[in-house]
Structures are given as structure tokens and as C-alpha cells.
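An overview of the molecular structure
Single-letter residue listing:
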Amino acid sequence: MDYVQEDYVLCSDVSAWQDNNTTQQKIKFLKMVEKGVKCVMIKSSQAIYRDEDFDYNWKASQDAGLLRLAYHFLTWNHPARAQAEFFAQLHFASLGDIR
């Protein structure tokens, strides 16, 4: 399968759900790059909780050379404003990416 096309950019969405947290294995971002992925959307938080793999995913995807975007997964069991404030206060390891 050809993962790279001239008319679009291949981007992936990742979170703690993409791996088995009972093992040490994590997402292999270099393999994504080998397949043509150029950017990755990383779940940073949901409701008022930080994604447990965010720190690893944020750094490892940068080390692989991917453009990164952090996103928040909105839920309706907490006020939207509290969730927006929680996401806004998260500290990201580097500037220059999208959040």
C-alpha cells in the first residue's frame, strides 16, 4: 500500500488507547515516519485528566521528526469551561508545534 500521496498529508491520531499499558511497548513513531506519516495529533487530556501516555508520545514523536498537534477530548461529565481551562494550563515540552 502506498501511504504517501501528492494531494494530501498523512497524519495519525494517538493516545493511551493505542498501546497495551500492561507492557513496556509504546508507539513506534519512527515506523510511522517510514510509512510516510508527516504529523501526529496527540491526545493530551480528556475531561479534567491528562492522557497517561502524553509525555512519552509528545517527546517520542518530536524525536522522530513529526509535526505535533495536542488536542483535548471533550466530555459532558465536567463543565466545558473547566475542561478548556485544564487544557490551557497544560505545559508542553516545546514551542513551535500546534496546540
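Structure's up top.
Numbering of residues begins from 1 in every chain and follows the order in which that chain's sequence is written. Note on the predicted model: pLDDT of at least 70 is required for a residue's local features to be given, and 80 or more for side-chain atom pairs to be given and counted; whole-chain, interface and lining totals, by contrast, use all residues. Where side-chain values are given, they derive from all heavy atoms of the structure, hydrogens and water being excluded.

Time to look at the overall build of the chain. Think of it this way: any DSSP run of H or I at least four residues long counts as a helix, any run of E at least two long counts as a strand, and we number them from the N terminus. Looking only at helices and strands, the chain features 3 helices and 4 strands. The order of α-helices and β-strands along the chain, N terminus first, is β-α-β-β-α-β-α. The cut-offs for exposure are 20% and 50% of the maximum accessible area for each residue type, with area from a 1.4 Å probe on protein chains only; residues under the lower value are buried, those over the upper are exposed, and the others partly exposed. Taken across its 99 residues, the chain has 35% of its residues classed as buried. The contact criterion used throughout is that any non-hydrogen atoms of two residues lie within 4.5 Å. Sequence-distant contacts, at least 24 apart, represent 73% of the contacts inside the chain between residues at least 6 apart. Accessibility throughout is a Shrake-Rupley quantity obtained with a 1.4 Å probe, and a residue counts as covered only by protein chains that appear here. With the model as given, the accessible surface of the chain reaches about 6,800 Å², and the carbon-plus-sulfur share is 56%.

Relative to the helices and strands, Trp58 is located in helix H2 (residues 54-63). When its relative accessible area of 3% is taken as the criterion, Trp58 is described as buried. Remark: the alpha-carbon pair of Trp58 and Met41, spanning 17 residues in sequence, is separated by 9.5 Å.

Right, let's get into the packing of aromatic side chains. Ring pairs are drawn from Phe, Tyr and Trp, using the six-membered ring of Trp, whenever the two centres fall within 6.5 Å, and their geometry is named by plane angle: stacked under 30 degrees, edge-to-face over 60, tilted for the rest. With the rule as written, the count across this model stands at 2 aromatic pairs. Plain terms: the ring middles of Phe29 and Tyr56 are 6.4 Å apart, the flat faces sit at 40° to each other, and that makes the pair tilted. Taken together, the residues Phe29 in helix H1 (residues 29-34) and Tyr56 in helix H2 connect sequence positions 27 residues apart. We classify Phe29 as buried; its relative accessible area is 2%. Definition used: whenever NZ (Lys) or CZ (Arg) falls within 6 Å of the ring centre and also within 35 degrees of the ring normal, the charge is taken to sit over that ring. One cation-aromatic arrangement involves Lys26 over Tyr56; the distance from NZ or CZ to the ring centre is 5.8 Å. Just above the ring of Phe73 sits the side chain of Lys43; from NZ or CZ to the centre is 5.4 Å.

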